[in-house]
Each structure stands twice: as structure tokens, then as C-alpha cells.
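Structure assessment
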Amino acid sequence: MTAAVRVVVIGGGQAGLAAGYHLRRAGLDFVILDAQAQPGGAWIHGWDSLRLFSPAQHSSLPGWPMPPYPGPGYPTAEHVVEYLAAYEKRYELPIRRSEPVTDVCRDGGRFTVSTDTGEWSAEAVISATGTWWRPFLPLMPGGFTGRQLHTVDYRDPEDFAGQDVVVVGGGNSGAQIAADLAGTANLTWVTRRPPRYLPGHIDGKALFDVATRRRRALETGQADTGGVGGLGDIVAVPTVREARDAGLLRPRPMFTRLDSEGPVWTDGTRRHADAVVWCTGFRPALSHLASLRLRTTRGRIPTEGTRVVAEPGLHLLGYGDWTGPASATLIGVGMTARAAVADIKAMLETGGSQA
Ligand code: FAD
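For the structure given in this document, a descriptive report is provided here. All values derive from a computational prediction rather than experimental measurement.

What follows concerns the pairing of strand E1 (residues 2-10). In this sheet, strand E6 (residues 119-127) lies alongside E1 in parallel orientation, the contact comprising eight bridges. For Val-8, the partnering residue across the bridge sits in E6 and is Val-125. In terms of handedness, the path from E1 via helix H1 (residues 14-26) over to strand E2 (residues 30-33) forms a crossover that is right-handed.

Moving on, we get to the site of the ligand. In the vicinity of the ligand lie 30 residues, with Asp-34, Phe-53, Val-101, Ala-328 and Leu-330 positioned nearest. A distance of 3.1 Å is found between an oxygen atom of the ligand and a side-chain nitrogen or oxygen belonging to Trp-133. Look at the ligand: alone it shows 980 Å² of surface, and the protein chains cover 89% of it. By residue class, the composition of the shell around the ligand is 17 nonpolar, 11 polar and two charged.

So, about the pattern of salt bridges. Per the counting criterion, the structure on display carries 12 salt bridges. A salt bridge links Arg-97 to Glu-88, with the shortest nitrogen-to-oxygen separation between them at 2.6 Å. As far as the burial class goes, Arg-97 and Glu-88 line up, both buried. For the salt bridge of Glu-304 with Arg-307, the shortest nitrogen-to-oxygen distance reads 3.1 Å. In this structure Glu-304 comes out as exposed when scored by relative accessible area, which is 51%.

Another aspect to go through is the packing of H1 against helix H2 (residues 77-90). Running from N to C, H1 and H2 cross one another at 25 degrees; their axes reach a closest spacing of 11 Å. Taken together, the axis directions place H1 and H2 in an arrangement best described as roughly parallel. H1 and H2 meet at a crossing whose hand is left-handed. Judged by residue contacts, Gln-14, Leu-17 and Tyr-21 of H1 engage Leu-84, Tyr-87 and Glu-88 from H2. Across the contact of H1 with H2, the residue classes break down as four nonpolar, one polar and one charged.

Turning our attention to the side chain of Thr-188. Tracing the chain through its elements places Thr-188 in strand E9 (residues 186-191). Here the side chain of Thr-188 touches Arg-271 through a polar contact of 3.2 Å, side chain to side chain. Excluding residues within four positions of it along the chain, Thr-188 makes contact with Val-165, Val-166, Val-167, Arg-252, Trp-265 and Arg-271.

To continue, consider the pairing of E2. Burial along E2 is two-sided: the residues Phe-30 and Ile-32 and Val-31 and Leu-33 are all buried. Here four bridges tie E1 to E2, and the two strands are oriented parallel to one another. Residue pairing across strands places Val-7 opposite Phe-30, the latter belonging to E2. Where E2 and strand E3 (residues 95-96) come together, two bridges link them in parallel fashion.

How each quantity is defined
- Within any chain, residue numbers begin from 1 and follow the written order of that chain's sequence.
- Given that the model is predicted, a residue must reach a pLDDT of at least 70 before its local features are reported, and side-chain atom pairs must reach 80 or more before they are shown or counted; all residues, however, enter totals for whole chains, interfaces and linings.
- Excluding hydrogens and water, the side-chain figures rest on all heavy atoms present in the structure.
- Note on pairing: DSSP must find at least two bridges between two strands before they are called paired.
- Starting at the N terminus, helices and strands are each numbered in turn, a helix being any DSSP run of H or I of at least four residues and a strand any DSSP run of E of at least two.
- Note on handedness: a clockwise path from strand one over the helix to strand two, with the strands aimed away from the viewer, defines a right-handed crossover.
- Consider each residue's heavy atoms; a residue with any of them within 4 Å of a molecule or strand counts as near.
- Polar contact criterion, stated in full: a pair of N or O atoms within 3.5 Å, where within protein one must be able to donate a hydrogen and the other to accept it, and residues adjacent in sequence count only if both atoms are side-chain atoms.
- Here, Shrake-Rupley sampling with a 1.4 Å probe gives the accessible areas, and only protein chains in the shown set may cover a residue.
- Think of it as three bins: nonpolar holds Ala, Val, Leu, Ile, Met, Phe, Trp, Tyr, Cys and Pro, charged holds Asp, Glu, Lys and Arg, and polar takes everything else, Gly as well.
- Here a salt bridge means any side-chain nitrogen of Lys or Arg lying within 4 Å of a carboxyl oxygen belonging to Asp or Glu.
- Burial classification: accessible surface area is computed with a 1.4 Å probe over protein chains only, and a residue below 20% of its type maximum counts as buried, one above 50% as exposed, and the rest as partly exposed.
- Here, axes are lines fitted to C-alpha atoms. For helices the fit covers the stretch in contact, and angles between N-to-C directions go from 0 to 180 degrees.
- Just so you know how the angles are binned, under 35 degrees is roughly parallel, over 145 roughly antiparallel, 65 to 115 roughly perpendicular, and the rest oblique.
- Whether a crossing is left-handed or right-handed is set by the direction in which the near helix is turned from the far one by less than a right angle, anticlockwise for left-handed and clockwise for right-handed.
- When checking whether two residues touch, look at their non-hydrogen atoms; a contact exists if any pair is within 4.5 Å.

Put into C-alpha cells, the structure is as follows:
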């Protein structure tokens, strides 16, 4: 069976919902297809103590602000999931769950989007599938016999009580998981370069402002104001700040191999490890677009804003700053979604998506 709509959105996490909000406002007929049975996107999979790096009022999707978090500190992942579930209900977004998209291909001037249960024909497609589903692990020689995990597998420090644990990664996940483990496991924190903490007053909202200022400057031909990269890598959320200030986060440089017992550094130093947690990031989850044979550079498909250069009817939303400033954050994705939908609407009004 093939159903026809004007726009298919692939992915019903925060980016897919923001797209849905703007598609609804634009009066376009659409469907959102999501692989998971429940709402919440990647937020349902984070580790137990995961919290936002911004307060609720700076973590909102378009239209409806995130309700204040009732407890102390920044909102928990559970609070985000509740917000996303309520958001899709509030705007009656047409989401079909447990519908992983397996393929997208061209069919004349339209796209055919395939799932396990059927096909959708659309004039435009927004892919908003995130990165959580494609964890990146560097290849490391040596034959380590202990446990190896990625950020996506980590849940709770109690699983590692009293164990020798190596956390690899100097970004937010690495710092937060290292802080989470610090009092419970014998922690070794390894980073490729010395950790760069953002000043205490910089949170997700400030990062969004920096990214937006930079985008505006570049678009209007002004001097580059510098991205968030110049400020540091790690948001000093309370757990990280406390562990750092207590001297529990003492970074070591990257090791060169992992032998059966644990890491070995260039100078021959060794350390025993029961487990290594790789907080080494993600790649965009884009395998459903393989049939379109789009050229990729380091896992990224060339885009202008969100529009795929080689397929003007296809937009990529979320994923990272390369599809819009802070578009992989709650506060940032709304602006990018609005631009993507405006672009699609203009394209549909002027006669289709022929590449
Ligand atoms: P996702 O949440 O991953 O949603 C994608 C959806 O697409 C999922 O529901 C998935 O099931 C579905 N999907 C995937 N493949 C398919 C397919 N083939 N077919 C159909 N559906 C598919 N941002 C903030 O603003 N504040 C923070 O504090 C913050 N902290 C973060 C902490 C961590 C550890 C991480 C990893 C990210 C954090 N982010 C934060 C960044 C960002 O907000 C999240 O990564 C967010 O989940 C991205 O939303 P998304 O909708 O782009 O992707």
C-alpha cells in the first residue's frame, strides 16, 4: 500500500516534532514516521543521572515552553520525555510509531519512503533521525579483554562500584559520565587534549546565542564572531563542577593502545581496567538515505542550510551545527525547523522538487 502526503518527516524526536509544529502552521499535509514505540527520541535512552545543561525556559520547542522542572537543578531526561510526549499530543502531530524507515528513493518528481509496513509517497522529506543510533568508537589496537561500552550503553555508576574504569572523551558526555563515576569507581579519565571547561555562567542558552550571532554575522557579510568551539567544550553543569572542584576529575592524555589488561601510554605507563567507557561521540544516522547515493564528507551530506544540495526536496534537521546553529539542541531546533518548512513551502508553491 502506498499512501500519499506532501511531506514525510522521518524521526519523531524533538527535531521531528519541531518540524511537525511548523508544517502544521504552514497548512501542509504530512506524517511523522518514528522507529520507536514511545515518544521522547534519544532522551529515553540516556544514563540515569543525565540532566539538561540549561533550565527549562531555555530548552523549549516552538510554540509551547517546557514546563518548569519541579525539583532542584536543571531538568532530568525524564522531564524532557514528558514534555515531548505532551508536546506531540498538544499539537496533535500525526506520528506513526514503531515505523522505522528503511529506504528513501526517488520516483520521478516525488520520493518513496519505505517502512516495514508500507510506503509513503511525498513531494518533500525531512530527515530528523538524530545521532544516538550511530555511536562512534575509534579503532584501538591491543586485544583488551575487559568490558567496553559507549555512552549509549552507560546507565548507572553502581554497575561499576569498586572497579577500575577508564572514561575516554573530553566532551560533555565524557565529563558528565566521569563525574558520575568518580565517587563510586576507581576512575581514570582520558582526553585527547586538556579539557576545556566553559565559564560557569555559560549554559545551553548561551551556546545557542553564540551560534546564532555567528550565523547572522556570516549571512550578512560581517566578520566571523567565532563559534562555541572557541569558548570551550564542556558545560560546567553542577555535577561536573563539583567533581572537578573536589579534584576528582584529573585528566590523563590519550593512550596509544589497550592491551588485554588496560590502557598503555606512549611512555610505557600502564593501568589496569575492568571497563572502558568510550564517550567518543556520534555520527549522523543517515543509512535510510543510502539509495539516494548522496555524496558524504565525514558522514555528512552537503547541505545549504537544511536543504540537501543534490536533492532540493530533502532536508536534514538536527544532527549538528552543520544543518543550522545549535539545531541539535532543544532551544535551537525550532528556528532551523521553521526555515526548513518555509523553504519546502516555497518549493512546493513554485512547482516541485525535481533534483
Ligand atoms: P533524536 O532524539 O535521536 O530523535 C530521533 C528520532 O528518530 C528517534 O525517535 C528515533 O527513533 C528516530 N529514528 C531514527 N532512525 C529512524 C529511522 N530510520 N526511521 C524512523 N525513525 C528513526 N540538547 C539540549 O538542548 N540540551 C541538553 O542538555 C542536551 N544534552 C545532551 C546530552 C547527551 C548525552 C546527548 C547525546 C545530547 C544532548 N543534547 C542536548 C543534544 C540533543 O538535544 C539530543 O541529542 C536530542 O536527542 C536530539 O534530538 P533529535 O530529534 O535530533 O534526535
